[in-house]
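Below, each chain spelled out in residue letters.
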Amino acid sequence: MSSNGLELLDRTVGCGEVSEADAEAGREVVLTGWVHRRRDLGQLIFIEVRDRTGSVQVVFDPSENAEAHKDAEQLRAEYVVGIRGVVRPREQPNPEHPTGMVEVRGHQVALHNRATHVPIQVDDETEASEEIRLKYRYVDLRRPKVQQPLFLRHRLGRAARGVLDGQGFVEVETPMLTRSTPEGARDYLVPSRVHPGKFYALPQSPQLFKQLLMVSGFEKYFQFVRCFRDEDLRADRQPEFTQIDIEMSFATPEKIYGLLEEMVATMFAEIGVKIERPFRRMPYDEAMRRFGIDRPDLRFGMEIQDPGDSVEGTGFRVFDGAIDAGGMVRGIVAPGAASSSSRKVLDGWQEQAKRAGAGGLVWIKLEEGKISSPALKALGEERCKAIAEALGATTGDVALLVADSREICERVLGTLRLSIASELDLIPADRWELCWVEDFPLLEWDEDAGRFVAKHHPFTAPRWDELDKLAEDPGSVRAQAYDLVLNGTEIAGGSIRIHRKDVQDRVFRALGIDEEEAEDKFGFLLGALAAGAPPHGGIAVGFDRTCALLSGCESIRDVIAFPKTTSASCLMTESPSAVDEAQLKELHLKVLDPGPSDKDKEGDR
């Protein structure tokens with residue numbers, strides 16, 4: 001080798017940054033990175049060298065440098081190299097490649113490491129399964145397609161920090177080891193060696209600490225913070241995740257909205273999209289009534305409609321029974337679906353409705369000169385047509401109706417709306433719709449617990465003008481809470497907090513938390529409120545989720561360097577894992593027999 005591989009050549013330019021100006025000047029450059037591809041044409045050896053900036057072709061010609069050509073004969077894919085050479089115009093240009101107009105004539109090679117085991121092809125078109133990719137993530141991350149979302153994540157974080165810093169916010173770190181908190185998701189517990197039998201919890205959020213910082217006079221706080229929740233996973237959840245946590249003293253919802261809109265617009269600018277401000281606002285009740293969900297996707301129509309008088313007194317048992325029981329009939333229209341909705345498709349929609357909680361689904365198909373429906377015999381053609389038209393259906397459409405309680409109608413139709421719109425390709429991929437959802441209920445009834453629970457968390461302030469209803473009609477009280485929704489996904493949520501101890505006591509009572517329990521679990525917070533807490537409020541932005549949406553990724557795993565699987569496992573490090581008896585003894589722990597593992601169960605099936 002021209003170099004022993006231990007002496008580093010000092011890189012002068014990134015592989016993807018070699019330019020035509022370098023070629024015109026005949027500039028000498030030093031490249032470092034990985035061998036991406038190698039082609040040996042006998043006399044000439046072509047090496048494509050790759051680093052995080054891109055790749056460039058290097059040519060080794062024995063007539064120019066016999067020793068470098070001999071060294072290049074030993075190079076293979078994914079070898080780690082340093083190469084010195086001179087930039088020239090490419091003899092056979094490739095305008096489709098970012099550096100396809102130039103090449104480097106190699107004069108020196110430093111082989112820093114051989115790659116003897118590369119389990120994944122480092123190519124954007126690799127066919128490796130996700131399981132293999134996650135197991136060998138350190139190789140998967142070399143792929144440009146995998147790196148790009150992480151580079152964007154960096155830029156989005158930098159943009160958000162810039163806005164917060166410019167607004168006078170101070171970044172403060174809060175503890176990772178804290179106490180277990182009720183009224184939320186499951187905690188990850190950490191046993192204490194020096195306090196036998198006691199446990200820390202990893203934070204689900206820094207909620208209480210950021211409120212205490214407001215009591216402490218910091219006024220404006222933020223943090224890019226890791227949070228942990230031991231809950232079932234899906235595409236937009238991980239057991240550990242990052243949120244941009246923000247809190248502000250003397251805050252109003254308007255101030256929070258203004259700050260977030262500036263921050264989000266600045267982040268969107270990183271992908272070249274201009275976002276119009278102010279964002280739309282929608283009360284919770286309206287979102288549920290029109291879209292059946294508190295995070296509405298506003299990129300398409302298909303809103304839930306009230307067919308009005310057209311469904312009253314029909315003699316159709318399904319409709320009459322729901323209305324007589326105090327329920328309702330509501331529907332949506334699948335536009336242009338009459339020709340494509342076969343009986344198999346309609347049966348599939350029926351099953352989706354039932355899985356979402358409906359007893360059934362009534363459909364009315366309007367075709368040219370023909371009306372079909374399972375309710376046709378009971379309702380007749382004229383009534384079927386009138387009901388469909390009351391929902392806004394025209395020829396070529398399919399009207400879908402659910403008759404049940406308001407809650408079930410909204411949930412079922414909200415679910416069908418999203419699913420059917422996706423099936424019919426009605427959701428524009430290049431459209432961005434942001435919306436504030438506000439005026440959430442403060443509390444909701446939990447049938448299993450037999451009591452009210454907090455809709456958001458127990459430190460959310462009620463609307464001050466509804467405070468007196470807490471004792472007699474707690475379910476009617478609205479919260480000073482707000483969510484920011486992007487294309488049907490909640491990307492941020494927050495609230496004005498309770499800053500007075502007497503109000504916090506009243507909310508605890510409405511939640512069934514007595515004075516003794518409140519003091520035991522939240523005594524430090526109640527003491528802080530009594531020490532003179534300013535009015536304050538804040539919000540937390542799901543940073544992983546936002547990055548995934550803005551980068552066009554289907555899962556937040558694609559914007560996390562080392563993500564977990566949907567079973568909360570790391571295939572690369574094989575965690576979680578068992579620990580030896582000595583460690584358990586030191587922590588005063590004993591592991592009970594967990595029974596058959598998930599893997600064993602899969603084998604049984």
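What comes next concerns the included structure. (Residues numbered from 1 in each chain as written. Predicted model: local features only at pLDDT ≥ 70, side-chain atom pairs only at ≥ 80, totals over all residues. Heavy atoms only, no water.)

**Side note on the overall build of the chain**
As a reminder of what qualifies: Every helix listed is a DSSP run of H or I at least four residues long, and every strand listed is a run of E at least two residues long, numbered separately from the N terminus. A simple rule labels every residue: compare its accessible area, found with a 1.4 Å probe on the protein chains alone, to the largest value its type can have, and call it buried under 20%, exposed over 50%, or partly exposed in between. To measure how exposed things are, a 1.4 Å probe is used in the Shrake-Rupley method; for residues, cover is taken only from the protein chains shown. Asp and Glu are treated as the negative residues and Lys and Arg as the positive ones, with His and the ends of the chain left uncounted. The location of each charge is read from NZ of Lys, CZ of Arg, CG of Asp or CD of Glu.
Scanning the chain for helices and strands turns up 17 helices and 21 strands. By its C-alpha atoms, the chain is 95 × 75 × 55 Å across when sized along the principal axes. A burial count over the chain gives 47% of its 605 residues as buried. Summed over its atoms, the accessible surface of the chain is roughly 30500 Å², and 47% of this surface lies on carbon and sulfur atoms. Within the chain, one finds 77 positive and 102 negative side-chain charges whose respective centroids are separated by 1 Å.

**A few points about the pairing of strand E16 (residues 434-438)**
Rules: When DSSP finds two or more bridges between two strands, those strands count as paired.
Along E16, five of the five residues are buried, which leaves the element largely enclosed by surrounding structure. Here E16 shows two buried faces, one formed by Leu434, Trp436 and Glu438 and the other by Cys435 and Val437. In this sheet, E16 lies alongside strand E11 (residues 280-283) in parallel orientation, the contact comprising four bridges. Counted as the bridge partner of arginine 280 is cysteine 435 from E16.

**Focus on empty space enclosed by the protein**
Basically, it comes down to this: Cavity means a closed set of points on a 1 Å grid over the protein atoms alone, one where a 1.4 Å probe fits but cannot get out, pocket means an open set with protein on both sides within 12 Å along at least 5 of 7 lines, and lining means a residue has an atom within 4 Å of a point. Grid points are joined across faces, edges and corners, and a volume is the space filled by probe spheres set on the points.
Scanning all chains against the criterion turns up three cavities of 30 Å³ or more. Computed from the structure, the largest cavity encloses a volume of approximately 50 Å³. Around the largest cavity, the lining residues are Val264, Met267, Phe268, Leu484, Ile491, Val541, Thr546 and Leu550. Mapped onto the lining of the largest cavity, the elements with two or more residues apiece are helix H7 (253-269) and helix H15 (543-551). Looking at which element gives the most residues to the lining of the largest cavity, the answer is H7, with three residues.

**Examining the nonpolar core**
Worth spelling out the cut-off: By nonpolar core we mean a set of buried residues, namely Ala, Val, Leu, Ile, Met, Phe, Trp, Tyr and Cys, connected to one another through side-chain atoms within 4.5 Å. Two residues qualify as a contact provided that any one of their heavy atoms is within 4.5 Å of a heavy atom in the partner residue.
If you look at the biggest cluster of nonpolar residues, it comprises 77 residues, and the most contacted ones within it are Ile244, Ile246, Leu260, Met263 and Leu434. The element contributing the most residues to this core is H7, with eight residues. Once you skip the residues sitting within four places of it in the chain, isoleucine 244 turns out to touch Ala160, Leu164, Gln223, Phe224, Met263, Ile539, Ala540, Val541 and Phe543. One finds Met328, Ala353, Leu361 and Ala421 within the second-largest nonpolar core, a separate group that totals 25 residues.

**Structural notes on the pattern of salt bridges**
Keep this limit in mind: Each reported salt bridge corresponds to a side-chain nitrogen of Lys or Arg within 4 Å of a carboxyl oxygen of Asp or Glu.
Enumeration according to the criterion identifies 45 salt bridges in this entry. For arginine 280, the salt bridge goes to glutamate 433, with nearest N and O atoms at 3.2 Å. Placement of arginine 280 in strand E11 and of glutamate 433 in the loop between helix H12 (406-423) and E16 is noted, with a sequence separation of 153 residues between them. One salt bridge in this structure joins lysine 501 and aspartate 505, with 3.0 Å as the shortest N-O distance. Here aspartate 505 and lysine 501 lie together in helix H13 (residues 501-510), a separation of four residues that amounts to about one turn. Residue lysine 501 is classed as partly exposed on the basis of its relative accessible area, which comes to 33%.

**Description of the sheet that holds strand E6 (residues 170-171)**
Selection rule: Between N-to-C directions, angles cover 0 to 180 degrees, with each direction set by a line fitted to C-alpha atoms, over the stretch in contact for helices.
Taken in spatial order, the eight strands make up an open sheet running E6-E9-E10-E21-E20-E19-E16-E11, and their pairing is mixed. The outermost strands of the open sheet, each flanked by one partner alone, are E6 and E11. Pairing analysis gives nine bridges linking strand E9 (residues 220-228) to strand E10 (residues 240-249), with the strands arranged antiparallel. Directly across from tyrosine 221, in E10, lies its bridge partner glutamate 247. Sheet contacts for helix H5 (residues 144-166): E6, E9 and E10; angle to E9, the most-contacted strand, approximately 150°. Contacts from H15 reach E9, E10, strand E19 (481-486), strand E20 (489-496) and strand E21 (536-542), with the element oriented near 50° to E21.

**Let's talk about helix H6 (residues 207-215)**
If you check which residues of H6 are buried, you get Gln207, Leu208, Lys210, Gln211, Leu213 and Met214. Considering only its buried residues, H6 is in contact with E9, E10, helix H14 (515-530) and E21. Backbone geometry just downstream of H6 places glycine 217 in the positive-phi region, at approximately 95°.

**Some points on unusual backbone geometry**
Cis geometry marks the peptide bond from arginine 277 to proline 278, where omega comes out at 0°. Among the structural elements, proline 278 can be located in the loop between H7 and E11. In this chain, serine 575 is followed by proline 576 through a cis amide linkage whose omega measures 5°. Positive phi is not limited to glycine here, since glutamate 78 has a value of about 75°.

**Focus on the layout of surface pockets**
Taken as a whole, the second largest pocket holds about 730 Å³ of empty space. Listed by contribution, the elements that provide at least two residues to the lining of the second largest pocket are helix H8 (284-291), H12 and strand E17 (443-446).

**Brief notes about the pairing of strand E18 (residues 451-454)**
In this sheet, E18 lies alongside E17 in antiparallel orientation, the contact comprising four bridges. If you follow aspartate 446 over to E18, its bridge partner there is arginine 451. Taken together, E17 and the strand that follows it, E18, pair antiparallel across an intervening segment of four residues, in which glycine 450 is found at a positive phi of about 70°.

**Thoughts on the packing of aromatic side chains**
The condition that has to hold: Here a Phe, Tyr or Trp ring, Trp counted by its six-membered ring, pairs with any other such ring whose centre lies within 6.5 Å, and the pair is stacked when the planes are under 30 degrees apart, edge-to-face when over 60, and tilted otherwise.
This model, assessed by the stated rule, comprises twelve aromatic pairs. With a centroid separation of 6.3 Å and 85° between ring planes, the pair formed by tyrosine 136 and tyrosine 138 is classed as edge-to-face. The class for tyrosine 138 is partly exposed, based on a relative accessible area of 46%. Taken together, a centroid distance of 6.4 Å and an interplanar angle of 80° make the contact between phenylalanine 222 and phenylalanine 224 edge-to-face.

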